[in-house]
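Tertiary structure, described
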Amino acid sequence: MTSETTFLRLQARTQRFTLGSPREFRVAPDGSYALFLRSATGEDRTHLLWKQDLASGTETRLADPAVLLGGSEELSPEERARRERSREQGAGVIGCATDAQTRVVAFALSGRLFVADAHTGETRELATATPIIDPRPDPTGTHVAYVADDALRVVGVDGAGDRAIATPEGEGRACGLAEFVAAEEMSRSRGYWWSPDGTKLLVAFTDKREVQRWHIADPANPGSDPVTVSYPASGTPNVKVSLAIISLDGTRVDVDWDGELEYLTTAHWSAAGKPLIAVQSRDQRTVEIRAVDPDTGATEVVHTETDDTWIEIVTGVPAWNPAGKLVRVAASDGANRLFVGDEAVSGDLQVRSVLDIGDDILFTASADDSTQVHVYRAGEKVEQVSTVDGVHSAARGGDVTVLTSWSLGWSGPKISVLRGGEVLGEVKSLAVEPPLTPNVELLTVGERALRVAVLYPTGHVPGTKVPVLMDPYGGPHAQRVLSTRNAYLVPQWLADQGFAVIIADGRGTPGRGPEWERAIAFEPADVTLTDQVDALHAVAADHPDLDLTKVAIRGWSYGGYLSALAVLRAPEVFHAAIAGAPVTDWRLYDTHYTERYLGHPDERPEVYDRNSLIDDAPKLDRPLLIIHGLADDNVVVAHSIRLSSALVAAGRPHALLPLPGVTHMTPQEDDVAENFMLMQVRWLKQALGL
């Protein structure tokens, strides 16, 4: 390898320098130990289950896939789909669940069920139906529930009594699984919830018979059958979801849930009260939080939230606190606020997620600086737990908090173990140190105070003109401009290829409040493109070295859409674009995401027309490279093919690069990932005449 390509290969081997980083912490209620997942080295994809004694710092391996499997891991199609929804590219123990005492740990390997005892260190396989998905112990640590062949099953932690307690009633139906839009758009990856005493489960039943079927072929292997998926494109039927309370003996009580609110966004069952469900209307302007009577299935509305545009789903709520009060997050007076009962307890912070609910509440939020995400504790008053600038998260057990911190001051995460305000120790990260250090400047620019990151080539000499590469995501629910070094590794590498790289977070991105997020309603194309143009010009006003005669833009997913949009609608600003996996026709994207921002296509066809790219094809007079994975089941390749076909019909030259076998995640094999990036840089330089 040459020094020029070392970074790219290392980035691929380390999965963007994340391998070896501890994650998925579970802290024992007495604060004595923590469980977590981490690969054995910074270049090993296989994650192990670890236990750390928090007093001594001693680590113990509880589960090593190489030992437990004695061979390579094999994933079922269902497990591959689950990992695609969570963008999980690791191997081994990539998820686990525990009982209430954090002693019994259940996880899946190669579709087989394993249980570890955190006290004795024993880990063993239970003989069950296979392949399994999503195993979870009950809170008492007596049974483990899991899904196999679309049925919900339970087995004793001693391996006895394996049986199905809920089975699908026919083709296209399943028990205990999250449907596509729940996992992809609502951050709900599960479909069942244990009762606190471990005797019952709240179970989601899904019926996808009315959902349209799409077929994803593999043109590189014409002899293989296409993969058929149920895809609820905007304006078409969703999966039907119903709920029931299932006892361990299989007794079923159906939950009385008004089907007019067709989205089940979350569920919660704690010892503090009846199970809670949150259900959302199709237009996403109404959410009802309902308490479920586990004996009769009757539901009672405990809170209704309405909004003129949409209601955001926030991780960790709604839920009961130990006193039986409802904890929720809602838009109120210009902020996403944390409520306990009817009282807002988070001040003017922009709450992002709820991490833990006890006598006080642990949550993440941003204050005035959206590039910072801190951990806070809301009790008698609000206290900031994280103290260093950066992006933080946490897990808690008893009076111990495990704080994970990313910052511009170091690479990768630092994990601190806290009791009160005292640091007890740390959990080691084995992540590889990146071979470059980003030289990033974070700015606030323009009349809308856009947050922007700017990176120049290493060793840039002031007074030297540099071509510009905009590198946005730029859409809702994702943020690129953050106070963490690892966010700028690839942008710095791109800058070192001879560009000034600009990343801008415009309206619609999180962390700046409800009005900012909802500003894109019905007009995402115009609003997000305007913010990219304004960010470029505002930065250039104070950075005379930016060569505005040579401006390119690249992005993936929404960023790919925004890149194609830029050269189609603002060619006087953008001179070349790389559009990766772009959404080109919003009628082809899923219901929950698309209808939130554009409305229903039957009711607002003109909104879909003006936000899609197909009709803009005749306008193209700048170089455009479209890249798309042929195995993408999220943004299907039909998006790029339809745009390419329209461009051909209009006689507009462009390039289309298909990636066989690639999903919505970009290639990660060493040589492919390296060549993939180098090819883009070569294309950009040629397109800009460099």
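Residues numbered from 1 in each chain as written. Predicted model: local features only at pLDDT ≥ 70, side-chain atom pairs only at ≥ 80, totals over all residues. Heavy atoms only, no water.

Before going further, it helps to spend a moment on the overall build of the protein chain. Helix and strand counts for the protein chain come out as 12 helices and 44 strands. Against the compact-globule benchmark of 26 Å for 690 residues, the protein chain has a radius of gyration of 25 Å, which places it among compact chains. With respect to the three principal axes, the spread of C-alpha positions in the protein chain is 70 × 55 × 55 Å. By the burial criterion, 59% of the 690 residues in the protein chain qualify as buried. Pairs at least 24 apart in sequence give 59% of the contacts found in the protein chain among residues at least 6 apart. When the accessible surface of the protein chain is summed, it comes to about 26800 Å², and 48% of that surface belongs to carbon and sulfur atoms. Positive and negative side-chain charges of the protein chain, numbering 64 and 96 respectively, have mean locations separated by a distance of 2 Å. (Helix = DSSP H or I, 4+ residues; strand = E, 2+ residues; numbered from the N terminus. Rg over C-alpha atoms; globule rule 2.2 N^0.38 Å. Buried < 20%, exposed > 50% of the residue type's maximum accessible area, 1.4 Å probe, protein only. Contact = heavy atoms within 4.5 Å. Areas by Shrake-Rupley, 256 points an atom, 1.4 Å probe, with all protein chains shown as cover. Lys, Arg positive; Asp, Glu negative; His and termini not counted. Charge placed at Lys NZ, Arg CZ, Asp CG, Glu CD.)

On to helix 5 (residues 489-496). Taking burial as the measure, the eight residues of helix 5 include six buried ones, the bulk of the element. Taken together, the buried positions of helix 5 are occupied by Leu489, Pro491, Gln492, Trp493, Leu494 and Ala495. Backbone geometry just after helix 5 places Gly498 at a positive phi near 115°.

Position of Thr128 among the secondary structure elements: in the loop between strand 9 (123-126) and strand 10 (132-137). Setting aside residues up to four positions removed in sequence, Thr128 forms contacts with Leu113, Tyr146, Val155 and Asp162.

Strands sit in the order 37-38-40-39-41-42-43-44 across an open sheet of eight strands; the sheet is mixed. Both edges of this open sheet fall to strand 37 (440-445) and strand 44 (655-659), since each of them pairs with a single strand only. Going across the sheet, the axis of each strand differs from the next one's by a mean of 20°, ignoring polarity. (Pairing = 2+ DSSP bridges. Axes fitted to C-alpha atoms, helices over the stretch in contact; angles between N-to-C directions.)

Attention now moves to the UniProt feature "domain: Dipeptidylpeptidase IV N-terminal" (unreviewed entry) in the protein chain. Those residues carrying the UniProt feature "domain: Dipeptidylpeptidase IV N-terminal" (unreviewed entry) are residues 108-384 in this numbering. Here residues 108-384 is 2% helix and 48% strand, with 36 Å between the C-alpha atoms at its ends. (UniProt positions renumbered as here; feature names shortened; annotations may be inferred.)

This part is about the pairing of strand 31 (residues 374-378). Among the five residues in strand 31, five count as buried, and that is most of the element. Burial along strand 31 is two-sided: the residues His374, Tyr376 and Ala378 and Val375 and Arg377 are all buried. Of the pairings in the sheet, the one linking strand 30 (residues 361-366) to strand 31 comprises five bridges and is antiparallel in character. If you follow Ile361 over to strand 31, its bridge partner there is Ala378. Judged from the three bridges that link them, strand 31 and strand 32 (residues 382-384) form a sheet pairing that is antiparallel. Across the sheet, Arg377 pairs through a bridge with Glu383, a residue of strand 32.

Within helix 9 (residues 591-598), eight of the eight residues are buried, leaving the element largely enclosed by the surrounding structure. Next to the buried residues of helix 9 lie helix 4 (180-185), strand 21 (263-268), strand 22 (276-280), helix 7 (524-542), helix 8 (558-569) and helix 10 (605-611). Capping the start of helix 9, Asp590 holds a side-chain oxygen 3.3 Å from the backbone nitrogen of His592, two or three residues further along. Among the residues trailing helix 9, Gly599 stands out with phi positive, at a value near 80°. (Polar contact = N/O pair within 3.5 Å; in protein donor to acceptor, adjacent residues only side chain to side chain.)

The contact between helix 7 and helix 8 brings their axes to 10 Å, and the two run at 80°. The angle between helix 7 and helix 8 falls in the class roughly perpendicular. Contacts between helix 7 and helix 8 involve Pro524, Ala525, Thr528, Leu529 and Gln532 on the former and, on the latter, Tyr558, Tyr561, Leu562, Leu565, Ala566 and Arg569. The residue inventory of the contact of helix 7 with helix 8, partitioned by class, reads eight nonpolar, two polar and one charged. (Parallel < 35°, antiparallel > 145°, perpendicular 65-115°, else oblique. Nonpolar A, V, L, I, M, F, W, Y, C, P; charged D, E, K, R; others polar.)

Another point: a negative patch on the surface. Residues Glu78, Asp149, Asp150 and Glu171 make up a contiguous surface patch of negative charge. Take Asp150: it is sitting in the loop between strand 11 (143-148) and strand 12 (151-156). (Patch = residues over 30% accessible without salt bridge, like charges linked within 9 Å, V, L, I, M, F, W, Y side chains within 5 Å. Salt bridge = Lys/Arg side-chain N within 4 Å of Asp/Glu carboxyl O.)

As a further point, take the packing of aromatic side chains. The tally for this structure, following the rule as stated, stands at 17 aromatic pairs. Judged by centre distance (4.4 Å) and plane angle (10°), the ring pair of Trp214 and Tyr231 falls under stacked. Of the two residues, Trp214 is situated in strand 17 (residues 213-216) and Tyr231 in the loop between strand 18 (227-230) and strand 19 (240-247); the sequence distance between them amounts to 17 residues. Each member of the pair, Trp214 as well as Tyr231, is classed as buried. One cation-aromatic arrangement involves Lys414 over Trp410; the distance from NZ or CZ to the ring centre is 4.2 Å. In this structure, Arg604 is placed above the aromatic ring of Phe522, and the distance from its NZ or CZ to the ring centre is 4.0 Å. (Phe/Tyr/Trp six-rings, centres within 6.5 Å; stacked < 30°, edge-to-face > 60°. Lys NZ or Arg CZ within 6 Å of the ring centre and 35° of its normal.)

Okay, empty space enclosed by the protein next. Within this structure, the stated rule accounts for five cavities of 30 Å³ or more. Forming the boundary of the largest cavity are 16 residues, of which Val287, Ile311, Glu312, Pro318 and Val329 lie nearest the centre. Of the residues belonging to the lining of the largest cavity, the class tally is nine nonpolar, four polar and three charged. (1 Å grid on protein atoms, 1.4 Å probe; cavity = no way out; pocket = protein on both sides within 12 Å on 5 of 7 lines; lining within 4 Å. Points joined across faces, edges and corners; volume = space filled by probe spheres on them.)

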